[in-house]
Amino acid sequence: MKKLLTLILAVGLILSCLTGMSALAEEEEQVIRFVYCAPDQNDSQLVYTNLMRAYVDQINAEHRGYQIDFQVYNANFDLATQIVQVESVIVNGCDVMLFFPNDTEGSISIIQQARDAGIKVIDATGNEAFNGIVDCIYVSSGEEKVADLLDEWIQKRYDATGEQLKAGVIYGSMNQIPQLPRGDRRFDYAEAHPEQCEILISGSGEWNTQLAMSMTEDWLVAQPEMNTLFVANTDMAQGVAQALHSSGKNPEDFVVTTVDLTYVALDMLKAGDIDVVCGCDKWDEARGAVDLCMNVFFGEYTE
């Protein structure tokens, strides 16, 4: 009995030591303060943020020698709010910041201030205007590639039906320059292929579901021949779908395209509320963003 007790005590001591060593190792891991300054937290952005958070949790559970303290700031589509938030990040301290600007030109000064404070700044929008201003530019799917895919879809549809699209174009925010190709390229296509597509009207929905719904309702009255809407993201496409349903439009007689490959977009595609959605896998996009930010922080990627 005495020997058994001694053995139990020894095993307990070993386990205690191992637990203590594990805890000590975790305590010694470097903490990296990682901030995502988001333009909003609506459908596509919320999905993106949650997937980044899930990937950060996965990294932290693997104990790679560092722990990521992940914080998210939601600017609610407002430049002034975003500037104040970055000022707060500078004051509170941050190691690396993924920045998605609400206003490209209006963000340049605050980005420079963040870098002057020693923060590594990565642009999340693939914005060439930030060359030389940020530490790195993250390009996931690329707006031009997304536009190319939609060009191909329109061509294939025309080859199959011979029907001309008489379209309205709903942009997001006109101040988010990198995403303007979502609308601009529709005008380019219509100019190059007038037999396939004619743009009747365009406007900015500011990434807002209700505003896109209201615009669509007005356009259906003002442009009765309109049979297509090119929509810059899923949030606004939801508003378009609501307006089309309330007006009694037959989904089979109306074409709706959108951008951002979210679960909501896929559900809308299955329901027939949209005809096509272009974008990249959100998990790959989120994981790529986190990996790039960590690589920039550790000096492993500097271009």
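Our subject is the structure listed above.
Residues numbered from 1 in each chain as written. Predicted model: local features only at pLDDT ≥ 70, side-chain atom pairs only at ≥ 80, totals over all residues. Heavy atoms only, no water.

(A) Geometry of helix 6 (residues 181-192). Taking 1.5 Å per residue as the helical rise, helix 6 with its 12 residues ought to reach 16 Å, and the 15 Å between its terminal C-alpha atoms agrees with that figure. Among the residues of helix 6, Pro-181, Arg-182, Gly-183, Arg-185, Arg-186, Tyr-189 and Ala-190 are the ones counted as buried. (Helix = DSSP H or I, 4+ residues; strand = E, 2+ residues; numbered from the N terminus. Expected span 1.5 Å × (residues − 1). Buried < 20%, exposed > 50% of the residue type's maximum accessible area, 1.4 Å probe, protein only.)

(B) Layout of the sheet that holds strand 5 (residues 136-137). Taken in spatial order, the 5 strands make up an open sheet running 2-1-3-4-5, and their pairing is parallel. Of all strands in the sheet, those bounded by a partner on one side alone are strand 2 (66-74) and strand 5. The strands touched by helix 2 (residues 43-62) are strand 1 (30-38), strand 2 and strand 3 (96-99); relative to strand 2, the strand with the most contacts, the crossing angle is about 165 degrees. With respect to the sheet, helix 3 (residues 79-92) is in contact with strand 1, strand 2 and strand 3, its orientation differing from that of strand 2 by roughly 150 degrees. (Pairing = 2+ DSSP bridges. Contact = heavy atoms within 4.5 Å. Axes fitted to C-alpha atoms, helices over the stretch in contact; angles between N-to-C directions.)

(C) Structural context of the side chain of Glu-143. You can see Glu-143 is positioned in helix 5 (residues 143-161). For Glu-143, a relative accessible area of 17% corresponds to the buried category. At 2.9 Å, the side chain of Glu-143 forms a polar contact with the side chain of Arg-182. Excluding anything up to four places from it in sequence, Glu-143 contacts Pro-178, Gln-179, Pro-181 and Arg-182. (Polar contact = N/O pair within 3.5 Å; in protein donor to acceptor, adjacent residues only side chain to side chain.)

(D) Quick look at the packing of aromatic side chains. For the structure on display, the rule yields 5 aromatic pairs. Judged by centre distance (5.1 Å) and plane angle (35 degrees), the ring pair of Phe-34 and Phe-70 falls under tilted. Of this pair, Phe-34 sits in strand 1 while Phe-70 sits in strand 2; the two residues are 36 residues apart in sequence, bridging distant segments of the chain. Judged by relative accessible area, Phe-34 falls into the buried class, the value being 0%. Both rings, one in Phe-297 and one in Phe-298, keep their centres 5.0 Å apart while their planes meet at 75 degrees; by these two values the pair is edge-to-face. Through successive ring pairs, a cluster of aromatic residues spans Tyr-66, Phe-297 and Phe-298. Across from the ring centre of Phe-230, 5.8 Å away, lies the NZ or CZ of Arg-186, which sits over that ring. For Lys-282, the ring lying beneath its charged end belongs to Tyr-48, and the centroid distance is 5.6 Å. (Phe/Tyr/Trp six-rings, centres within 6.5 Å; stacked < 30°, edge-to-face > 60°. Lys NZ or Arg CZ within 6 Å of the ring centre and 35° of its normal.)

(E) Main features of the packing of helix 7 (residues 209-222) against helix 8 (residues 234-247). The interhelical angle for the contact between helix 7 and helix 8, taken along N-to-C directions, is 40 degrees, at an axis separation of 7 Å. The angle between helix 7 and helix 8 places the two elements in the oblique class. Crossing geometry of helix 7 relative to helix 8 is assigned as right-handed. For the pair helix 7 and helix 8, contact is made by Thr-209, Gln-210, Ala-212, Met-213, Thr-216, Glu-217 and Leu-220 and by Asp-235, Met-236, Gln-238, Gly-239, Val-240, Gln-242, Ala-243, Leu-244, Ser-246 and Ser-247, respectively. Each residue belonging to the contact of helix 7 with helix 8 can be placed in one class, and the counts come to 7 nonpolar, 8 polar and 2 charged. (Parallel < 35°, antiparallel > 145°, perpendicular 65-115°, else oblique. Left-handed = near helix turned anticlockwise from the far one by under 90°. Nonpolar A, V, L, I, M, F, W, Y, C, P; charged D, E, K, R; others polar.)

(F) Fine view of the environment of Asn-233. You can see Asn-233 is positioned in the loop between strand 8 (228-231) and helix 8. Along the sequence, Asn-233 and Leu-51 sit 182 residues apart, while their C-alpha atoms lie 18 Å from each other. Setting aside residues up to four positions removed in sequence, Asn-233 forms contacts with Ser-44, Arg-182, Trp-207, Thr-258, Val-259 and Asp-260.

(G) Highlighting the sheet that holds strand 7 (residues 197-204). The 5 strands are arranged 7-6-8-9-10 in an open sheet whose pairing can be described as parallel. Pairing within the sheet leaves two strands with one partner each, and these edge strands are strand 7 and strand 10 (276-278). Neighbour to neighbour, the strand axes of the sheet diverge by 20 degrees on average, direction disregarded. Pairing geometry for strand 9 (residues 255-259) and strand 10, over 3 bridges, is parallel.

(H) Representation of the nonpolar core in the model. If you look at the biggest cluster of nonpolar residues, it comprises 28 residues, and the most contacted ones within it are Phe-34, Met-52, Ile-68, Leu-98, Ile-122, Val-290 and Met-294. Elements represented by at least two residues in this core include exactly strand 1, helix 2, strand 2, strand 3 and helix 10 (282-297). Beyond its immediate sequence surroundings of up to four residues, Val-290 is in contact with Phe-34, Met-52, Tyr-55, Val-56, Ile-59 and Ile-68. Within the second largest apolar cluster, 21 residues are counted, among which are Leu-229, Ala-232, Met-236 and Ala-265. (Core = buried A, V, L, I, M, F, W, Y, C linked by side-chain atoms within 4.5 Å.)

In short, shape yes, function no, at least from these values alone.
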